[in-house]
Structure formats: C-alpha cells, structure tokens
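Examination of the molecular architecture
What follows is the residue order along each chain.
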Amino acid sequence: MLKVSAGLSSHYLLFNQIRETRMTENQSSDRQRLVLLEEQLAHQQKAMEEMSDQLAEQWKVVDQLRNKLERLTERFLTMEMQSLDAPANAKPPHY
C-alpha cells in the first residue's frame, strides 16, 4: 500500500510540476503577446499622428489654393467686364 501511495505522490508531484511549467510558459507566452501588441499599438499611434499632421498640412495647401482661385476668378471676371464695357470699334493701342 505504501508503494502505491508513494507512486501516486510522485506522479502527483510530477503532474503539478508539469502544470506549473505550462502555466509559466503560458504566462510567458501571454507576456510576449502583450508586449508585441503594445509595440504594434505604439507604431500605429505614431503612424496616425504622422498622417494627421500630413492631413493638416494638406488642408492648409487646399485653403491657400482655394483662396488663390477665388482671387483669380474675381480678377478674370473684372477683366471680362472691362472688356465688355470697352467700345467695340476702338483701335488697338499699338496703332
């Protein structure tokens, strides 16, 4: 009887050691996964910040171009109105 219970005890101890090792390996694996996820998150956050900065710069350029287009449109319309107001039979200035 003692041999059986001693054998069971050693199997139980071995089982516990294996289980603890697996738990430690799982925890280590979980930690590695967590570190990897945190690194990926940090890279994504940096990329988003860079894209946000680029987008803000592009909007500045779009606003500048829009303002320039409005000025040129006004200038064109003014010149067009002036050409309509000029007499039709007027001699060109180089005559």
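Heads up: these notes are all about the structure in this document. (Residues numbered from 1 in each chain as written. Predicted model: local features only at pLDDT ≥ 70, side-chain atom pairs only at ≥ 80, totals over all residues. Heavy atoms only, no water.)

**Focus on the overall build of the chain**
To keep it simple, the criterion reads: The helix and strand labels rest on DSSP assignments: H or I over at least four residues marks a helix, E over at least two residues marks a strand, and numbering proceeds from the N terminus. In this scheme, a residue with accessible area under 20% of its type's maximum is buried, one over 50% is exposed, and one in between is partly exposed, where area comes from a 1.4 Å probe on protein chains only.
Helix and strand content of the chain: 1 helix and 0 strands. When burial is assessed residue by residue, the chain has 1% of its 95 residues classed as buried.

**Regarding the pattern of salt bridges**
Spelled out, the test is: Criterion for a salt bridge: a side-chain nitrogen of Lys or Arg within 4 Å of a carboxyl oxygen of Asp or Glu.
Scanning the entire structure with this criterion turns up 2 salt bridges. A salt bridge links E57 to K60; the nearest nitrogen and oxygen atoms lie 3.5 Å apart. Of the two residues, E57 and K60 both sit in helix α1 (residues 2-85), 3 residues apart, roughly one turn of that helix. With relative accessibility at 46%, the residue E57 sits in the partly exposed group. Here R66 and D63 are joined by a salt bridge, their closest N and O atoms 3.2 Å apart. Taken together, the residues span about one helical turn, with R66 and D63 both in helix α1 at a distance of 3 residues.

**Examining a nonpolar patch on the surface**
The following threshold applies: A patch consists of residues exposed above 30% relative accessible area that lack any salt bridge, with like charges linked at up to 9 Å and nonpolar side chains (Val, Leu, Ile, Met, Phe, Trp, Tyr) linked at up to 5 Å. Accessible areas in this description were obtained via Shrake-Rupley with a 1.4 Å probe; residue shielding takes into account the shown protein chains only.
On the surface, L55, W59 and V62 cluster together into a nonpolar patch covering about 290 Å² of accessible area. Position of W59 among the secondary structure elements: in helix α1. Take W59: its relative accessible area is 48%, and that puts it in the partly exposed class.

It is worth stressing that arrangement in space is one thing and function is another; only the former is reported here.
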